[in-house]
Each structure stands twice: as C-alpha cells, then as structure tokens.
Protein chains: 2
Amino acid sequence: MLGTFTYHNPTKLYFGAEALNGLNEELPKYGKTVQLIYGGGSIKRNGVYDAVVKLLADNGKTVVEDGGVMPNPTTEKLREGVRIAREHHVDLLLAVGGGSCCDYAKAVSVSVHEPEDPWEKFFVRYEDPEHEIVPVGCVLTMAGTGSEMNGGSVITNHAAKMKIGKVFDERVNPKFSILNPTFTYSLPMRQTVAGVYDIFNHICEQYFSGTDENVSDALSEALMREVVRASRIVIRDPENYEARSDIMWAATWALNNLIGCGKTEDWMVHMLGQALGAYTDATHGFTLAAVSLPYYRLVMPYGLEKFVRFAKAVWNIDPAGKTDAQIAEAGLCAMHAWMQEIGVACTMRDLGATEDMIEGIADATILMDSGYHALTREEVIQILKESL
Amino acid sequence: MLGTFTYHNPTKLYFGAEALNGLNEELPKYGKTVQLIYGGGSIKRNGVYDAVVKLLADNGKTVVEDGGVMPNPTTEKLREGVRIAREHHVDLLLAVGGGSCCDYAKAVSVSVHEPEDPWEKFFVRYEDPEHEIVPVGCVLTMAGTGSEMNGGSVITNHAAKMKIGKVFDERVNPKFSILNPTFTYSLPMRQTVAGVYDIFNHICEQYFSGTDENVSDALSEALMREVVRASRIVIRDPENYEARSDIMWAATWALNNLIGCGKTEDWMVHMLGQALGAYTDATHGFTLAAVSLPYYRLVMPYGLEKFVRFAKAVWNIDPAGKTDAQIAEAGLCAMHAWMQEIGVACTMRDLGATEDMIEGIADATILMDSGYHALTREEVIQILKESL
C-alpha cells in the first residue's frame, strides 16, 4: 500500500437466510415513523413486503409508504420522497429493494433537512451535506450495486439528460443492511446478470487504475474470480444458495472502499455507461457491458502490464509463447466469452441507442483522468461508435 | 457464503506515512484528559512519543502517563491502568505501540467503570461489559495482532499461569487507529517476523476450519500470498515502505472479522501458543510458530481437501503425480521452508520451555472443537512433545 488514505465503514451487515430478523435488533434504535421505500412491487409478489411490514408492526412502527422507485431514480421522485419524509417527520428511511431503492433512500436522507435543491447541490455541484441526515436502513433484494455498504447515490435528471453518481462520506452509509441471498432467487435472470456485471465492473474500475496496490489488487482478483465462478452456477441454477450468497457478499465488498484503498480509481466505464443510461434508461449493468470492451481495448496499451496480470490471475491465460499484448488481449477475449456465456454481452443499439445519440451521449459523459489514459472527446466518440 | 453472520466494524483507519495527522481530526472529539499508554520506551527512541505528545499538546489535551506495558500484559498491569484511569477521570485511552498496548488499552477501557474484578469477569467467565466503556484510540508501531481494528484483548495472569484472549464486541474496538508503516522500520527483525507469523496464523485459524466459505477463503488466500511475498522483502530490506505497508494492511484485514465471515473458526494454534506463552512469557508469534507444524500435521487427515487447496493456492505446489496427502504435505513443507527463511521456525525449547512443563502447558491449553478435529488431551501432549 503506497497511498495515504482513510477507511471507515460503520454499516452493520446482517447476512444469511434469517437475516431479516436483524430488523428486530435495529428497529428499536429509531423513532416511531418509518418511510418504507420500494420499487415496482416485486417485493409484494415474493413475500418480502409482507415480512418487512410484519416486523415493522411487531416493533410498533408507523409505516409511511413510498413505493414506485424506478430502476434509475429521478429528480422528480427524489423531490416526492423528500416531501413525504418532511410531511410525516420520518425517523428512518427503510429501503427494501435493489441499489436503486438504496441510492434513492440515501439521496432523500441528505435532502430532507436541506433547504437548497438537492440535485443542484449534491449532484451538480457535488457538495457535502451540512444538515441533519435521516438514518437509512436497507433490506437488499438484488446483488450488484454495493449501495448497501457505501455512501454512494446515483440520480437521473431526464430533463437535463444527466445521470450522476455522488459519493457521500460514511455519515450517509446505511446504518444497517439486511442481506438475505434467498431474496434474490425470484429476480429475473436478466436483472441478476446485470448485477453480476455491475459487481465485476466495480472491481475493474478500482483494479485498472494509475497506481497498483499489492493487497488491494490481490483482494480484487480474488473477488473477480469468485464472481465469475458463482455467476456460472447461478445462470444454470438460480436457486443455488451458495452461489447467490457468494455473489451478494462479493458485491458488498466490491464497492465498500476496501479494494480501492490506496488507489486512484478510474470509473470511466461508469461515466460512459451513465451517459448511455441517461439517454436510454437502460439497466445500469447492461450500459456498462455495452461500452466496456471498446474502452478497455483502447486503454490497454497504456496499462499493459496490469492487463497482462488480469489475464493471468483472473482468466488463467497461459502466457507461454505470447507477447504481452497477446496475453492481455486473450484476457479480454476470455472476459468477453464469459459476458456472452452469462448473457450480458450487448451493444448500445441493443439497449435502444441510435447513431444520432452519439454526440449527445459524448456530451453527457463526464471525463475522468485517473485511469491509465485520459480520454479525448474524439476517443469517447470512437468508443461509443464501436459500442453501437 | 453458507453461514449466517453479522459484520460490523466501525473503527476508522488512517493509513500512510502522514497518518499521524489523523490525530488532529480525532482528538477534538474527546474530552481533555488522555491516558497515554505505551510499552518499554522504544517510542521514545524513534521519535513517535515526541510526535504524539506534541499533537496532544496542540489539541489542548492533558496527558496522563501510563508506560511500561509489557509484551504480554498482566492482570497486575491491568489493575494499575484501571487505577490511573479512575484517578484522573480520563476521557480517552491512547495506545501507542503494538498489539499488547492496544489489547491492554481495551482491557482497561471495559474495566474502568466495572465494579467486579476484570480478570474474573471478562477473561475467566468471558462475560460482556455492561457499563460505560472508555474510548480507545491506537497509534500502531508494530504489525501483527490486528488489535487495531477488532475487539480482542489478551491478558496474562502469571499467578494462575493463564493467558486468555477475550473477543469483545465492536463497542470495544478502537474508535480510530493510526497506521504508519514507517513506524515499524525500527522494530527489531525478530519482532517483525513474529508479527508476520502472527498475521499468517490468524488467517490459518480462520481458513482451516470446519466449514468452507468461497469468498472468505479466496480473500484469505490472497492475504496469505501477500504476507509471504512482502515478508521476503522486509527481511532483506527493513525500510522497504511498500512491503512494510503491505504487511501492516494485511495484518489489519487478517483479524477484523472479514475473512471469518460465515465460518466456524479454529484458533487451536493460538490456544496452544497462549498456554506456552503463559509458561515462558515468549513472544506470541514465536509461540504460534513452535506448535504450528505438529498441530497441522496431526489435523491434516481430517481436513485434507483444504490442505490440498492451501498447498496449491498459497504455495503454488504442482499437484502432478502426487496423492492428495503428498500435495498437502508439500504445502506444509513449503510453509516450513518460508518460516525458516524469515526466521520464525523454532521449537518450544528455543523459547525456554522444558519437558517438565508439558503437563502444565497441556492443562493451560483451552480445547476448541471448531476445527477439523477436536484434540484429546493425549493429542495435545503429543503435539507439545513434537514441538519441544
């Protein structure tokens, strides 16, 4: 570890098939009124909603409903959530769902006592909260974003065609998260593999970056191998508890600051994917999948040594008789084959993008300069065209 | 992850060559009086003491001295520390040293407001604290124990010839820990490698256990490989920042609950080592080293598959043409060769034990039943004789 950094992650995790009982330990810590945040209603079909509502009642809570959180939570929905929280003076925001619900809950949590417009302050101007933050708890029903153990929140502004992620400090982390792998059994396979690729790319964004860190990179490789291994089981056997739980646990540690310790991080695939998402409203994991290979092939020469290491450590590429460039390319080919195998390989066109959107998506792409190579606008256009 | 568990680790870490400046962020959170805990005075020679005292003065703190913490902190010293804390109504216990100082600070922290005898309550009866806990901060000067990010504390009672570790919950964790790898440069090499073996064995205790967990075990293997790699650099180049920091960081994550998630854990090597330590007062890491190989060779047949995995994943043993037992044995041989290379391979006799102590050490050994095989007393005697 060459870098200087701090690590502080106070989120308490309850993991396992009985994890929901953790609510009995957590709920008594908070006041009476709970804003129950969820998405399109799948939790009403799979029994999770009823189980949570029963535990809230058992613990004497008054529930304020806040359903209908969309896959890419919008500024309009955020303002609605803030209005609900203010009107009912809620004591706890309980997100029951995937990363979108959790991201949304965190965005509401910092906005309830904030007099300014939250989109402008937190997402456009990227400022930090200065007022009281309403506590957030999370019951996770999808593995992928890692939102359950970090301070990140991604909000989409359709009017401005912007999808922006803000990384808040640990004050905004969920106070607790409930991780029950069986809650992900009923997730459509398309959502499952989107989550899997999101996890994998979170690790890549931290792994492929300007400075190497021995311990962080070794942990990253271990997590990548586990995600790949478990995903191959889950696509054939969606109710395989062990594989579901390995994916869920890897997702949490892929984006809770650990594997980024001491590193500059890239996040350029996320910037491209989020711009694509702002234009198409496509599922996050697929937007990342669509742009990944053209991006990594473009930056590979600038970080060749690391791509060689990736090929050998994660994809078991035999280096015998190959140049470094060939080893690295074989690694990316193996990654692509895996993406095809689990069903995330896709083009931007598959997600609804058209050629005339390319200039706009390029405009909406925030350019990072902490990876192996800072992209020019021309290179962004090139990547988007190759991804189409 | 097959198991059900919770993970909660609220310790804030400041890492790097400038990490001590973290005190300027942390000290204002606590009251005026700080009990400054340290060991035999090496921090006065290497400048760390002066730097800490200056930061305490800059932050307007009144310092109450509590030096002389011995490598294996005793019940007598614990009672002295509690007396100091009570007399001066201290607001923060600041441990500056290695794991012993940190363990001691945590033992004091739970005992200040405890009317009962702390040895009896916490270490013999293994009860949890019910009274106010004085906050602990840590400035680490040795890598090994992981005490900087967990709730563990080991105390030795020489009269009873008992050395007992108590794992407290996260309320007892240090609130913050300062990890500056350069502070470990001046550590004698014998202490450095004792710490390295302590780290390695912490991982083994969690890795070699009754249930496997894919993610935890993969992270464990990554940490073991990093510790072995970095230790080989440090023994030749004690001021190699990168290797020192890799060891320091791996030490923290080797024993902060992460890699034990979902697992039953063994800790039998620690039980044997602690009994040996109670009789000889030898350095902790060496007591573990002395008993490890006879113990692992004895339990290997009961967990053969895992020892095979260990041999291949950590020691790169080529399985071609070998039986599982041969692969596993080759792994332990490679581990032994590494222990010899870094200078931790030793016998109990090297540490001052004699044959007439064996019965007593066996009596002082707490028997665990969560590894691959629950030892009988006869097997404990056998291991101790083979370790002599």
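Source: prediction; values computed, not measured.

Reading the values: rules and limits
Residues numbered from 1 in each chain as written. Chains lettered and ligands numbered in written order. Predicted model: local features only at pLDDT ≥ 70, side-chain atom pairs only at ≥ 80, totals over all residues. Heavy atoms only, no water. Buried < 20%, exposed > 50% of the residue type's maximum accessible area, 1.4 Å probe, protein only. Helix = DSSP H or I, 4+ residues; strand = E, 2+ residues; numbered from the N terminus. Pairing = 2+ DSSP bridges. Contact = heavy atoms within 4.5 Å. Buried area = accessible area lost by both parts, 1.4 Å probe. Salt bridge = Lys/Arg side-chain N within 4 Å of Asp/Glu carboxyl O. Polar contact = N/O pair within 3.5 Å; in protein donor to acceptor, adjacent residues only side chain to side chain. Axes fitted to C-alpha atoms, helices over the stretch in contact; angles between N-to-C directions. Phe/Tyr/Trp six-rings, centres within 6.5 Å; stacked < 30°, edge-to-face > 60°. Lys NZ or Arg CZ within 6 Å of the ring centre and 35° of its normal. Least-squares fit on C-alpha atoms with pLDDT ≥ 70 in both. Expected span 1.5 Å × (residues − 1). Core = buried A, V, L, I, M, F, W, Y, C linked by side-chain atoms within 4.5 Å. pLDDT = per-residue confidence, 0-100.

Residues and elements named next belong to chain B. Here strand S8 (residues 176–179) shows two buried faces, one formed by Phe-176 and Ile-178 and the other by Ser-177 and Leu-179. Taken together, the four bridges between strand S1 (residues 5–15) and S8 define a ladder with parallel strand orientation. Looking at the pairing, Leu-13 lines up with Ser-177 of S8. Here strand S5 (residues 136–140) pairs with S8 via four bridges, running parallel. Residue Cys-138 lies in a different strand from S8, and its bridge partner there is Ser-177.

Turning our eyes to something else, we now look at the interface of chain B and chain A. Taken together, the 36 residues of chain B in the interface contact 36 residues of chain A. Both sides together, the interface formed by chain B and chain A hides about 3300 Å², and carbon and sulfur atoms give 63% of it. Together, Met-1, Tyr-7 and Trp-249 of chain B form the three largest contributors to the area buried by chain B at its contact with chain A, with a combined 17%. Scanning the region where chain B abuts chain A turns up zero salt bridges. Counting the contacts that link chain B with chain A gives 10 residue pairs in polar contact (both at pLDDT 80 or more). Elements that contribute at least two residues to the side of chain B that touches chain A include exactly S1, helix H8 (214–234) and helix H9 (241–254) of chain B. Among the elements that make up the side of chain B that touches chain A, the one with the highest residue count is S1 of chain B (11 residues). Bridging between strand S1 (residues 5–15) of chain A and S1 of chain B involves seven bridges; their strand directions are antiparallel. Bridge pairing in S1 of chain B links Tyr-7 of chain A to Leu-13 of chain B.

This paragraph deals with the environment of Tyr-14 of chain B. Mapped onto the elements of the fold, Tyr-14 of chain B is located in strand S1. As for Tyr-14 of chain B and Leu-179 of chain B, which are separated by 165 residues in sequence, their C-alpha atoms are 5.9 Å apart. The residues contacting Tyr-14 of chain B, other than those within four sequence positions of it, are Phe-5 and Thr-6 of chain A together with Ala-19, Gly-22, Glu-25, Glu-26, Phe-176, Ser-177, Ile-178 and Leu-179 of chain B. Looking at Tyr-14 of chain B, its side chain comes within polar contact range of the side chain of Glu-26 of chain B, at 2.5 Å.

Strand order in the open sheet formed by 12 strands is S3(A)-S2(A)-S4(A)-S5(A)-S8(A)-S1(A)-S1(B)-S8(B)-S5(B)-S4(B)-S2(B)-S3(B), with mixed pairing between adjacent strands. Each edge of the open sheet is held by one strand with a lone partner, namely strand S3 (62–66) of chain A together with strand S3 (62–66) of chain B. Sheet twist, expressed as the mean angle between neighbouring strand axes with direction ignored, is 25°. The strands touched by helix H3 (residues 48–58) of chain A within the sheet are strand S2 (33–38), S3, strand S4 (92–97) and strand S5 (136–140) of chain A, with S2 of chain A carrying the most contacts at an inclination of about 175°. Against the sheet, helix H5 (residues 99–111) of chain B makes contact with strand S2 (33–38), S3, strand S4 (92–97) and S5 of chain B, and its axis sits at roughly 165° relative to S4 of chain B, the strand it touches most.

What follows concerns the pattern of salt bridges. One pass over the structure, following the stated rule, counts 44 salt bridges over all chains. The salt bridge partner of Asp-66 of chain B is Lys-77 of chain B, with a shortest N-O separation of 2.8 Å. In this pair, Asp-66 of chain B sits in strand S3 while Lys-77 of chain B sits in helix H4 (residues 75–88), placing the two residues 11 residues apart along the sequence. Where Asp-246 of chain B meets Arg-229 of chain B, a salt bridge forms, and the shortest distance between an N and an O atom there is 3.0 Å. Note that Asp-246 of chain B is positioned in helix H9 and Arg-229 of chain B in helix H8, a separation of 17 residues in sequence. According to the relative accessible area criterion, Asp-246 of chain B is buried, its value standing at 1%. Classification of Arg-229 of chain B as partly exposed rests on a relative accessible area of 28%. Several salt bridges share partner residues, and in doing so they unite Glu-116, Lys-121, Arg-125, Glu-127 and Glu-130 of chain A into one network.

This model, assessed by the stated rule, comprises 51 aromatic pairs over all chains. Aromatic side chains Tyr-207 of chain B and Phe-310 of chain B sit 6.1 Å apart centroid to centroid with 50° between the ring planes, which places their arrangement in the tilted category. Taken together, the positions of Tyr-207 of chain B in helix H7 (residues 189–207) and Phe-310 of chain B in helix H12 (residues 304–315) put the pair 103 residues apart, joining distant regions of the chain. Pairwise contacts between aromatic rings join Tyr-197, Phe-200, Tyr-207, Phe-208, Tyr-295, Tyr-296, Phe-307, Phe-310, Trp-315, Trp-338 and Tyr-372 of chain A into one cluster. The side chain of Lys-166 of chain A reaches across the aromatic face of Tyr-126 of chain A, ending 4.3 Å from its centre. Directly above the ring of Tyr-279 of chain B sits Lys-161 of chain B, whose terminal nitrogen or CZ lies 5.2 Å from the centroid.

A few words now on the relation of the copies chain B and chain A. Expressed as a screw operation, the relation of chain B to chain A combines 0.0 Å of axial shift with a rotation of 180°, fitting to an RMSD of 0.0 Å. What the superposition gives is, in effect, a two-fold axis relating one chain to the other. Minimal C-alpha separation from the rotation axis in chain B is found for Pro-10 of chain B, amounting to 2.1 Å.

Residue and element names in this part refer to chain B. Turning to its location among the elements, His-373 is positioned in the loop between helix H14 (358–364) and helix H15 (377–387). A residue is classified by how much of its surface remains accessible, and His-373, at 18% relative accessible area, is buried. Here Glu-379 takes part through its side chain, which lies 2.8 Å from a polar atom of the side chain of His-373. Setting aside chain neighbours within four positions, we find His-373 in contact with Leu-298, Val-299, Tyr-302 and Glu-379.

This part takes up helix H5 (residues 99–111) of chain A. Residue and element names in this part refer to chain A. Taking 1.5 Å as the rise per residue, H5 with 13 residues should run 18 Å; its terminal C-alpha atoms sit 18 Å apart, in good agreement. Burial analysis of H5 places 12 of its 13 residues in the buried class, the great majority of the element. Those residues of H5 lying buried are Gly-99, Cys-101, Cys-102, Asp-103, Tyr-104, Ala-105, Lys-106, Ala-107, Val-108, Ser-109, Val-110 and Ser-111.

Here we take up the environment of Val-314 of chain B. Residues and elements named next belong to chain B. Position of Val-314 relative to the elements: it lies in helix H12. Taking relative accessible area as the criterion, Val-314 reaches 10% and is therefore assigned buried. Leaving out residues up to four positions away in the same chain, Val-314 has contacts with Phe-200, Glu-221, Met-224, Arg-225 and Arg-309.

In this structure, Phe-200 and Trp-249 of chain A together with Phe-200 and Trp-249 of chain B are the most contacted members of the largest nonpolar core, which totals 194 residues. Sequence-distant contacts of Phe-200 of chain B, defined by excluding residues within four places in its chain, comprise Met-224, Val-228, Phe-310, Val-314, Trp-315, Met-335 and Trp-338 of chain B.

Moving on to the confidence of the model for chain A. When pLDDT is averaged across chain A, the result is 96; 100% of the residues are at 70 or more. Here the predicted complex scores 0.97 on pTM and 0.96 on ipTM.

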